[in-house]
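Architecture at a glance
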Amino acid sequence: MHYYYISGTSSGIGRAITLLLLERKDVQVIGISRTSTIEHAHYTHIYADLSDPAHVTHVIKSFKNNYSADDTLYLINNAGVVDPIQYAQTYNESDIQKMIQVNLISAIQLISAFLKIPKGTYKSRVILSVSSGAATKVIDGWSLYGTAKAGLDHFSNHVAKELMLLGETQTQIFSVAPGVVDTPMQKKIRETNPDSFSTVERFNELHETNQLVSPDIIAQKYLRILDEPRKFLNVVFSLKDLA
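Figured I'd write up the structure that's included with this text. (Residues numbered from 1 in each chain as written. Predicted model: local features only at pLDDT ≥ 70, side-chain atom pairs only at ≥ 80, totals over all residues. Heavy atoms only, no water.)

1. Observations regarding the packing of aromatic side chains
On inspection of all chains with the given rule, the structure shows 11 aromatic pairs. On the basis of an interplanar angle of 85° and a centroid distance of 5.8 Å, the ring pair of Trp142 and Tyr145 is categorised as edge-to-face. Each member of the pair, Trp142 together with Tyr145, is buried. A network of ring pairs unites the aromatic residues Trp142, Tyr145, Phe197 and Phe203 as a single cluster. The ring of Phe203 carries the charged tip of Arg202 above its face, separated from the ring centre by 5.3 Å. (Phe/Tyr/Trp six-rings, centres within 6.5 Å; stacked < 30°, edge-to-face > 60°. Buried < 20%, exposed > 50% of the residue type's maximum accessible area, 1.4 Å probe, protein only. Lys NZ or Arg CZ within 6 Å of the ring centre and 35° of its normal.)

Below, the structure is given as structure tokens:
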């Protein structure tokens, strides 16, 4: 059996990945989000708001499962929030805590817990986090989002190094940026006041000229990584790098 733990399955990339996986056999998808939009015999939903540490703890408990030595396990950190998009001096404490908790801390907590699943109880594990081009670019108004994604990339590189030193060959980790995708997050970006985001017009142009990539196409590319992780030597990269 293939077990997929996916955060942010209510819409966008997470939902697209889930629907593609549910077309397959021997698959069990565990979706993690605040709302549920999928009903399927091989789909289990965990209602969770990852901005709440108590909810993260509840999700972690689901990793304790009766796996077999033939099972493959997958953790896909897809959930994320980009708003509020505003300049650093205008954030309040709640904004800061929520953005970093959802985009970085919860992902780190889930990865750490996933790595604690006892060896010998599964065949292999793959950890895939959805990163962003904002991790390497300076975009005004995106300071918290970009910082969180850069932290996620860096954390993934560290984990990969540690796995290598431990001789842990059954587990691989990736942090991969999807590019500009036609998701509800993109709609929020386009609605931002230019005073808080000077390049918002560029995102409007991408939408108006049909340059946004559909979540289905992005999901198919992510599945290429999940299906054949040994083919990908880098931990951090962009889907734009895939042919």
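2. Quick word on empty space enclosed by the protein
Going through the model one piece at a time under the given rule, you end up with 1 cavity of 30 Å³ or more. Taken as a whole, the largest cavity spans an internal volume of roughly 50 Å³. As for the largest cavity, its lining consists of Ser7, Leu50, Asn77, Ala79, Val102, Asn103, Ser106, Ala107, Leu110, Val130, Lys149 and Leu152. Of all the secondary structure elements, the ones that give two or more residues to the lining of the largest cavity are helix 3 (93-115) and helix 4 (143-166). Sort the elements by how many residues they give to the lining of the largest cavity and helix 3 lands first, with 5 residues. (1 Å grid on protein atoms, 1.4 Å probe; cavity = no way out; pocket = protein on both sides within 12 Å on 5 of 7 lines; lining within 4 Å. Points joined across faces, edges and corners; volume = space filled by probe spheres on them. Helix = DSSP H or I, 4+ residues; strand = E, 2+ residues; numbered from the N terminus.)

3. Some details on the nonpolar core
Core analysis: the biggest nonpolar cluster contains 44 residues, and Tyr5, Phe63, Leu75, Phe114, Trp142 and Phe197 have the highest contact counts within it. Secondary structure elements with two or more residues in this core: strand 1 (2-7), strand 2 (27-33), helix 2 (53-61), strand 4 (72-77), helix 3, helix 4 and helix 6 (200-208). The element contributing the most residues to this core is helix 3, with 9 residues. Residue contacts for Phe114: discarding those within four places in its chain leaves Tyr5, Phe63, Leu73, Tyr74, Leu75, Arg125, Val126 and Ile127. (Core = buried A, V, L, I, M, F, W, Y, C linked by side-chain atoms within 4.5 Å. Contact = heavy atoms within 4.5 Å.)

4. Quick look at helix 3
Look at helix 3: 31 Å from first C-alpha to last across 23 residues, which is about the 33 Å you get at 1.5 Å a residue. At Gln101, helix 3 shows its largest kink, close to 50°. Residue Asn92 occupies the N-cap position of helix 3, its side-chain oxygen lying 3.0 Å from the main-chain nitrogen of Ser94. (Expected span 1.5 Å × (residues − 1). Bend = angle between axes of the 7 residues up to and from the residue. Polar contact = N/O pair within 3.5 Å; in protein donor to acceptor, adjacent residues only side chain to side chain.)

5. Some points on the pattern of salt bridges
Charged atoms that come close allow side chains of opposite charge to pair. Within this structure, the stated rule accounts for 6 salt bridges. Note that Asp227 and Arg24 form a salt bridge whose closest N and O atoms lie 2.8 Å from each other. One end of the pair, Asp227, is in helix 7 (residues 215-227); the other, Arg24, is in the loop between helix 1 (12-21) and strand 2, and 203 residues separate them in sequence. Members of the salt-bridge network, linked through shared partners, are Lys119, Arg125 and Glu168. (Salt bridge = Lys/Arg side-chain N within 4 Å of Asp/Glu carboxyl O.)

6. Side note on the environment of His158
With respect to the secondary-structure elements, His158 resides in helix 4. Owing to a relative accessible area of 41%, His158 belongs among the partly exposed residues under this scheme. C-alpha separation for the pair His158 and Val235, spaced 77 residues apart in sequence, amounts to 9.7 Å.

7. With respect to the environment of Thr37
With respect to the element layout, Thr37 can be found in the loop between strand 2 and strand 3 (43-47). Overall, Thr37 belongs to the partly exposed group, its relative accessible area being 40%. Remark: the alpha-carbon pair of Thr37 and Val27, spanning 10 residues in sequence, is separated by 18 Å. In this structure Thr37 touches Thr9, Ser10 and Arg15, once residues within four positions along its chain are discounted. Among the polar contacts listed, one links the side chain of Thr37 to the side chain of Arg15, at a separation of 3.0 Å.

8. A look at helix 6
Residues spaced three or four apart along an α-helix face the same direction, because each turn holds 3.6 residues. Of all the residues in helix 6, the buried ones are Val200, Phe203, Asn204 and Leu206. Around the axis of helix 6, the buried residues are gathered within 160° of arc, so they sit on the same side. The positive-phi residue at the C-terminal boundary of helix 6 is Asn210, with phi of around 55°. (Arc of directions from axis to C-beta.)

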